Amino acid sequence: MAKLLFVLTGSPYWTLKDGTRHATGYWAEEFAAPYKAFTDAGHRIEVATPGGVVPTVDMMSLRPDTAGGAQTALELERIIRAAEELRRPLRLSEIRPEEYDAVYLPGGHGPMEDLWCDADAGRLLTAALASGRPLAVVCHAPAALLATRVRGVSPFAGYKVTAFTNDEEYAVGLAPRARWLLEDELKELGVEFERGEMWKPYTVVDRTLYTGQNPASAGALAQRLLKVV
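Residues numbered from 1 in each chain as written. Predicted model: local features only at pLDDT ≥ 70, side-chain atom pairs only at ≥ 80, totals over all residues. Heavy atoms only, no water.

### Quick notes on helix H3 (residues 70–82)
Along its 13 residues, H3 runs 18 Å from first to last C-alpha, staying within 8% of the 18 Å computed at 1.5 Å per residue. Here H3 has its buried residues at Ala73, Leu76, Ile79 and Ile80. All buried residues of H3 project into a common sector of 125 degrees when viewed along the axis, lining one side. Turned more than 90 degrees from where H3 packs its buried face, Gln71, Leu74 and Arg81 sit exposed. (Helix = DSSP H or I, 4+ residues; strand = E, 2+ residues; numbered from the N terminus. Expected span 1.5 Å × (residues − 1). Buried < 20%, exposed > 50% of the residue type's maximum accessible area, 1.4 Å probe, protein only. Arc of directions from axis to C-beta.)

### Observations regarding the side chain of Glu85
You can see Glu85 is positioned in the loop between H3 and strand S5 (90–91). Summary of buried charges: Glu85 has no salt-bridge partner, and the nearest side chain of opposite charge, Arg88, is 5.0 Å away. Once you skip the residues sitting within four places of it in the chain, Glu85 turns out to touch Tyr35, Ile45 and Val47. (Lys, Arg positive; Asp, Glu negative; His and termini not counted. Salt bridge = Lys/Arg side-chain N within 4 Å of Asp/Glu carboxyl O. Contact = heavy atoms within 4.5 Å.)

### Re the environment of Leu129
Looking at the secondary structure, you find Leu129 in helix H4 (residues 119–131). A sequence separation of 80 residues divides Leu129 from Leu209, and the C-alpha atoms of the two residues are 7.3 Å apart. Beyond its immediate stretch of four places on either side in the chain, Leu129 contacts Pro155, Phe156, Tyr159 and Thr208.

### What to know about the sheet that holds strand S6 (residues 102–105)
Paired through their backbone hydrogen bonds, the strands of a sheet run either parallel or antiparallel. The mixed open sheet is built from seven strands, whose spatial order is S5-S4-S1-S6-S7-S11-S10. In this open sheet, the two edge strands, each paired with only one partner strand, are S5 and strand S10 (203–206). Sheet topology places strand S1 (residues 3–7) next to strand S4 (residues 44–49); five bridges connect them, and they run parallel. Looking at S4, one finds that Phe6 is bridged to Val47. Taken strand by strand, helix H1 (residues 28–40) contacts S1, S4, S6 and strand S7 (135–138), and its axis lies near 175 degrees from that of S1. (Pairing = 2+ DSSP bridges. Axes fitted to C-alpha atoms, helices over the stretch in contact; angles between N-to-C directions.)

Quick look at the structure:
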């Protein structure tokens, strides 16, 4: 049995360039699909957030028209309600990465508010990458890679990575209102950005780094990760 760390955003909103707060949090499918896959396989999961705050699910991700139907939305909600780890998260600052066999970060727009500049997230991801153990990041969660910069340089530079694309951000109507776009910032970080078709599952594996483009990629990413934990 492996022990996995899920690192979630602690923010229930994303501040847009006009100063307004867009209600968000973590995306339901990106937590629930991997959580179910790993726990069904007998693995143990712990959750950590900045400050140990209880994470907020983006309610948009539980709408039937967003989740892929009423039954799917109900199943996502059932998994989230049953996940006791979400109600007692650890403090990200107190995490010892060597205690985990793999680290996984689900997205939602929340990481664009907190994880992208969280020093503890930056240290954790840097240590996870250096450990040689699997590190998986999906959708908007690759924003946390931006926190790994030291004097402008990141250990993730040169890695092949995917994440929520500019096209997808425009499609949901938030790109014109964003202070910055994830795809642009990751390219500035020095990664080799790759993309698949909008809204379709697309994953990239480069050495021990596993990344997924969008919510639909979370389940596929979990299946790839299951093969190595």
